[in-house]
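# Structural description and commentary
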Amino acid sequence: MGQSFNNEDIVHSASQGNARAFSELVREHSTLVYRVALRMLGDGGAQDASQEVWVRVWRSINNFRGDSAFSTWLYKITMNTCLNIREKELRRERWELREDLPYLPQLDGNFESNPEATTLSRERKDELLVALQQLRPEHRASLVLRHLEELSYREISEILEIPEGTAKVWASRGRAALLVILAGEADESNGDGR
Amino acid sequence: MTWEATEKRWEALEKIGAYAAGELDGEEAREAELLLMEDEDYPRLVESYTRMLVLLSVMGQESPEAPKSVVNNAIRRAYVAAFLRGAEDFVGGLGRSYAGAFVYYLGLRPKEA
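Residues numbered from 1 in each chain as written. Chains lettered and ligands numbered in written order. Predicted model: local features only at pLDDT ≥ 70, side-chain atom pairs only at ≥ 80, totals over all residues.

In this model, helix α2 (residues 27-38) of chain B (12 residues) spans 17 Å end to end at C-alpha, consistent with the 16 Å of a helix rising 1.5 Å per residue. Here α2 of chain B lies mainly on the outside; one of its 12 residues are buried. (Helix = DSSP H or I, 4+ residues; strand = E, 2+ residues; numbered from the N terminus. Expected span 1.5 Å × (residues − 1). Buried ≥ 20, exposed ≤ 12 C-beta atoms within 10 Å, placed from the backbone.)

Here you go:
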């Protein structure tokens, strides 16, 4: 999963308190931490959460036993940090499911024919990030790891410390809720805000 | 909609989502295919899910760099912490050496066998 970069020696040195080795880890993995925090918390919280993750990593790296990949351990700390931040916020109610089914209109440009060659517009990216923020934290965590980080359910269950079945249920609920939210937004922007 | 009807809709929505994501196989996939035939709007739901999954996949391929301030701050903290740890060890070691010398000076160290 993630990086194939072999950090064993660097991780070992960092766990001995070697700041230079730790700096290498930060440079190598800062994108992973920031990317996950951004998707979990949006623009507003990603930066602070990333700082917090690295403080936690420095404090606890001597507990890293190498039983799993370093990236798995880092995902775990990042997710825990983001979920802790979210826990402090109020839980949102379940979205109202209307009589008509959520329908997402055809995507612009050549998305459907060649998604790999396409980049998301700033507007579309913001829309997705805002919609993700509306999901329940545990559903969002599973959805982000599954569909954005493209991890297996086994890896997700390891990171979130839950059974694989729960990881699947959370991702499934997250997917359904995200579709409802996005379809609702699409309706509103088409002037069909029922 | 009644509570039961709403729950049933969510269940169908989730099952069709899992089907669109290619996460069902065998019996579960067949059940989802039967479900798709129950409502003429369900195939459109599969299309909607597919579109959303494409969006997520494209977003997943983008990897925004962490701001430099985050990286620099994490590194600076580590260097400061390592320096303080080193200074603590040094002062501790120095103190122990002085204490050892003092014990020796006073002749309090037990004789070795």
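There's more to say after this.
The next point concerns the confidence of the model for chain B. Residues and elements named next belong to chain B. Here chain B averages 87 in pLDDT, and 96% of its residues register 70 or above. Mean pLDDT across the elements of chain B ranges from a minimum in helix α4 (residues 68-105), with 85, to a maximum in α2, with 92. Here the predicted complex carries an ipTM of 0.76, next to a pTM of 0.78. (pLDDT = per-residue confidence, 0-100.)

Moving on, we come to the interface of chain A and chain B. How big an interface is tends to be expressed through the accessible area that disappears when the partners come together. Contacts between chain A and chain B engage 44 residues on the former and 41 residues on the latter. Among the elements of the structure, α2 (19-60), α4 (122-133), α5 (137-148) and α7 (164-189) of chain A are those that each provide at least two residues to the side of chain A that touches chain B. (Contact = placed C-beta atoms within 7 Å.)

To continue, consider the environment of Gly95 of chain B. Structurally, Gly95 of chain B can be placed in helix α4. With 88 residues separating them along the chain, Gly95 of chain B and Glu7 of chain B place their C-alpha atoms 70 Å apart.

Inspection of the secondary structure assignment puts Pro43 of chain B in helix α3 (residues 42-61). In sequence terms Pro43 of chain B and Ala99 of chain B are 56 residues apart; their C-alpha atoms lie 82 Å from each other.

To continue, consider unusual backbone geometry. As a rule of thumb, non-glycine residues mostly have phi less than zero, and peptide bonds are mostly trans rather than cis. Residue and element names in this part refer to chain A. At Glu150, a position not held by glycine, the phi torsion is positive, near 55 degrees. Summarising the element assignment, Glu150 is placed in the loop between α5 and α6 (153-160). Despite not being glycine, Glu161 has its phi angle at roughly 55 degrees, a positive value. With respect to the secondary-structure elements, Glu161 resides in the loop between α6 and α7.

As a further point, take the nonpolar core. Residues Phe22, Val33, Ala37, Leu178, Leu179 and Leu182 of chain A together with Met52 of chain B are the most contacted members of the largest nonpolar core, which totals 71 residues. Here the element with the most residues in this core is α2 of chain A; it accounts for 19 residues. Setting aside residues no more than four positions away along its own chain, Leu178 of chain A makes contact with Ala131, Leu132, Leu135 and Leu143 of chain A together with Met52 of chain B. (Core = buried A, V, L, I, M, F, W, Y, C linked by C-beta atoms within 7 Å.)

This brings us to the packing of helix α1 (residues 3-20) of chain B against α2 of chain B. Residue and element names in this part refer to chain B. Contact geometry of α1 with α2 gives a least axis separation of 10 Å together with a crossing angle of 120 degrees. With respect to each other, α1 and α2 are oriented oblique. At the point where α1 passes α2, the crossing takes the left-handed sense. Taking contact as the criterion, the partners of Ala12, Lys15, Ile16 and Tyr19 in α1 are, on α2, Ala29, Ala32 and Leu35. A class-by-class count of the residues in the contact of α1 with α2 yields six nonpolar, no polar and one charged. (Axes fitted to C-alpha atoms, helices over the stretch in contact; angles between N-to-C directions. Parallel < 35°, antiparallel > 145°, perpendicular 65-115°, else oblique. Left-handed = near helix turned anticlockwise from the far one by under 90°. Nonpolar A, V, L, I, M, F, W, Y, C, P; charged D, E, K, R; others polar.)

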